[in-house]
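# An overview of the molecular structure
The lines below spell out each chain.
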Amino acid sequence: MSLADLDDFTIEVPSWAYGNSGTRFKVFGAPGVPRNPFEKIADAAQVQAVTGLAPRVSLHIPWDRVEDFGALATYAKELGVRIGAINSNLFQEDDYKLGSLTHADGGVRAKAVAHHRECIQVMRETGSTDLKIWLPDGTNYAGQDSLRGRQERLADSLQQVYAALDDDQRLLLEYKFFEPYFYAMDIPDWGTSLLHCLALGERAQVVLDTGHHAPGTNIEFIVMQLLRQKRLGAFDFNSRFYADDDLVVGSADPFQLFRIMVEIVSVGAHRPESGVNFMLDQCHNIEDKIPGQIRSVLNVEQALAKALLVDADTLDAAQQAGDVLG
């Protein structure tokens, strides 16, 4: 591998990172925070102007809903960026208290599927090719609902969404081991996400959020397995100490970020033609928004640079020789 590979490496930034965000306890306002999606894109364009690493901006529907998405895409292009993945939202409607794509009520499931069809139309109007789904569905109590029944309903709902995609569009399916529900999430881990993706088709791939695992999870092992199956569609990079902390990527454990990038580099998945979309998903609570994103994209690039500097041939020789210390 060569450091020249850094020239084509890019990272997608989230529109929501530039707005006021916080915790369950408090949202701290900051001066100059964007008031609409156009201003969010203008802030994201500043990160691209400074780093040259962030030419795409993820949108979140309905947070970024506008009357004319074509105009929003044109505005982004004028500022030197473009629209990236479109993220659906299944966690802010009262109807979804007991589930959305997994709900026992077929009418609620139909509403959730219709929302994704709206997102797909946004993709057409903005030139996006990735529909990203994080499913917040789950249960708090054993026996609250049928675990098997929820999986069957989820499979059917996802099939309807997948069928609505255009041929050049992908479905990216995220997972999270707990929160907002605590007994069982309906997509709690990479295996569940992968099984649904395999059932859907080749254009369904897994999203790995680095903050969505139990403490001590070997994330680079998961990266390796998904790459083996050619089903790693995207990352949501952030950093965590305890749970889904959404801190600046690489801040808590920079060596973990390096180990992940070593697995990426080993099969050339850092190159654009791999199809892996490197993205951030962070909500800056106490830090400034634009500087926080700048630091994040630089941390990922620096981890990639270190991974590219690994002498793979010498490492392989040591592995084959059983030279553990080597």
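This report concerns the structure included in the present document.

Parameters at a glance
Residues numbered from 1 in each chain as written. Predicted model: local features only at pLDDT ≥ 70, side-chain atom pairs only at ≥ 80, totals over all residues. Heavy atoms only, no water. Disulfide = S-S within 2.5 Å. Buried < 20%, exposed > 50% of the residue type's maximum accessible area, 1.4 Å probe, protein only. Helix = DSSP H or I, 4+ residues; strand = E, 2+ residues; numbered from the N terminus. Expected span 1.5 Å × (residues − 1). Arc of directions from axis to C-beta. Polar contact = N/O pair within 3.5 Å; in protein donor to acceptor, adjacent residues only side chain to side chain. Lys, Arg positive; Asp, Glu negative; His and termini not counted. Salt bridge = Lys/Arg side-chain N within 4 Å of Asp/Glu carboxyl O. Contact = heavy atoms within 4.5 Å.

In a disulfide, the sulfur atoms of two cysteines are held together by a covalent bond. Evaluation of the coordinates by the stated rule reveals zero disulfides. Between Cys119, a cysteine without a disulfide, and Cys197, which holds the nearest cysteine sulfur, the sulfur-to-sulfur distance is 17 Å. With a relative accessible area of 0%, Cys197 lands in the buried category.

On to helix α3 (residues 106–126). For α3, built from 21 residues, the straight-helix expectation of 30 Å at 1.5 Å per residue is met to within 8% by its first-to-last C-alpha distance of 30 Å. Regarding α3, the residues found buried are Val108, Arg109, Ala112, Val113, His115, His116, Cys119, Ile120, Val122, Met123 and Thr126. The buried residues of α3 occupy one face: seen down the axis, they fall within an arc of 155°. For α3, the capping residue at the N-terminal end is Asp105, with a side-chain oxygen 2.7 Å from the backbone nitrogen of Gly107. Once α3 ends, the next one or two residues include Gly127, with phi positive near 85°.

This part takes up the side chain of Asp43. Here Asp43 is to be found in helix α1 (residues 37–51). Although Asp43 is buried, it forms no salt bridge, and the closest oppositely charged side chain is Lys289 at an N-O distance of 9.4 Å. Other than its neighbours up to four places away in sequence, Asp43 contacts Tyr18, Gly32, Pro34 and Ile290.

Attention now moves to unusual backbone geometry. A cis amide bond links Ile61 to the next residue, Pro62, at an omega of 20°. Take Pro62: it is sitting in the loop between β2 (56–60) and α2 (69–78). The peptide bond linking Glu179 to Pro180 adopts the cis configuration, its omega dihedral lying at 15°. Mapping Pro180 onto the fold places it in the loop between β6 (170–174) and β7 (184–185). A positive phi is found at Glu179, a non-glycine position, where the angle reads about 80°. As for its placement among the helices and strands, Glu179 is situated in the loop between β6 and β7.

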